[in-house]
Amino acid sequence: MAYWLMKTEPEAFSLEDLQARGQEPWDGIRNYQARNFIRSMAVGDGVFIYHSRVAVPGIVGAATVASTARPDPTQFDPQSHYYDPGSSLEKPRWDLVDVAYRCSFAQCISLESLRHMPEFAESPLVRKGNRLSILPITESQWQHVLQLAEHTEAS
DNA sequence: GCCAACGTTGGC
DNA sequence: GCCAACGTTGGC
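- An unreviewed UniProt entry lists chain A under the name EVE domain-containing protein, with Acidithiobacillus marinus as the source organism.

## Quick word on the overall build of chain A
Next, step 1: When helices and strands are tallied, chain A shows four helices and eight strands.
Next, step 2: Going from N to C terminus, chain A has its helices and strands arranged as β-α-β-α-β-β-β-β-β-α-β-α.
Next, step 3: Its C-alpha radius of gyration of 16 Å places chain A within 12% of the 15 Å reference for a compact globule of 155 residues.
Next, step 4: Projecting the C-alpha coordinates of chain A onto the three principal axes gives extents of approximately 50 × 30 × 30 Å.

## Some remarks on the protein's contact with DNA strand C
Next, step 1: Around DNA strand C, the structure places Lys7, Tyr50, Ser52, Arg53, Pro57, Leu111, Arg115, Asn130, Arg131 and Leu132.
Next, step 2: The protein-proximal atoms of DNA strand C, defined as those within 4 Å of the protein, are 58% sugar or phosphate.
Next, step 3: The contact in question runs from a phosphate oxygen of DNA strand C to an N or O atom on the side chain of Tyr50, over 2.6 Å.
Next, step 4: Contact between DNA strand C and Arg131: a base oxygen at 2.6 Å from a side-chain N or O atom of the residue.
Next, step 5: For the surface near DNA strand C, the residue count by class is four nonpolar, two polar and four charged.

## Looking at helix 2 (residues 32-39)
Next, step 1: All of the buried residues along helix 2 are Ala34, Arg35, Phe37 and Ile38. Down the axis of helix 2, the buried set is contained in an arc of 160°. They therefore lie on one face.
Next, step 2: Buried positions along helix 2 lie against strand 1 (3-8), strand 6 (95-96) and strand 8 (134-137).
Next, step 3: Backbone nitrogen of Gln33 and a side-chain oxygen of the N-cap are separated by 3.0 Å at the start of helix 2; the cap is Asn31.

## Regarding the sheet that holds strand 3 (residues 46-51)
Next, step 1: What the six strands build is an open sheet, ordered 2-7-4-3-1-8; its pairing is mixed. A strand with exactly one partner marks an edge of an open sheet, and here the two such strands are strand 2 (23-25) and strand 8. Each adjacent strand pair in this sheet contributes to an overall mean axis angle of 35°, direction not counted.
Next, step 2: As defined by bridge partners, strand 2 adjoins strand 7 (residues 98-110) across three bridges and the pair is classed as antiparallel. Residue pairing in the sheet places Glu24 in a bridge with Val99 of strand 7.
Next, step 3: Each of strand 1 and strand 8 touches helix 2; the most contacted strand, strand 8, lies at about 50° to it.

Rules used throughout
Residues numbered from 1 in each chain as written. Chains lettered and ligands numbered in written order. Predicted model: local features only at pLDDT ≥ 70, side-chain atom pairs only at ≥ 80, totals over all residues. Heavy atoms only, no water. Helix = DSSP H or I, 4+ residues; strand = E, 2+ residues; numbered from the N terminus. Rg over C-alpha atoms; globule rule 2.2 N^0.38 Å. Near = heavy atom within 4 Å. Polar contact = N/O pair within 3.5 Å; in protein donor to acceptor, adjacent residues only side chain to side chain. Nonpolar A, V, L, I, M, F, W, Y, C, P; charged D, E, K, R; others polar. Buried < 20%, exposed > 50% of the residue type's maximum accessible area, 1.4 Å probe, protein only. Arc of directions from axis to C-beta. Contact = heavy atoms within 4.5 Å. Pairing = 2+ DSSP bridges. Axes fitted to C-alpha atoms, helices over the stretch in contact; angles between N-to-C directions.

Here is the structure:
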């Protein structure tokens, strides 16, 4: 069992969209490091959903990895924004996994608050200029954020 | 909307 | 294989 964080711009695809659909293919990943993380995901892995490019960026809820990696069909589609002419059906470059909705936090765990947590001191998430859209989360990071989220929900 | 920081591309 | 130019990410 591993844990991950996936960033998304809610204007493009939000946690609310995932909630409405229940499960979605997480397509459009076009970064090799993120792609490699996708390839090491297993069904049942925990996923934090992070909203970027908003007034208060942060972790807004959780999801579950619902499939192992498979080729992202948008890379083959000339009509798609994510089309990659350098990719082919024989040798696909980009993969995706399906992600299933788990829960929405009553209050977002903001980037600002993550910066103050010792658990995240070493995380690329809080480093300036970080552009990784998918990154691994340690078990202690996972537990800590979940506990915080439950706490804000109770009060 | 701005712009720093980054990853990728392509000429050489 | 270097590295400048370019496009994109994402906090602010």
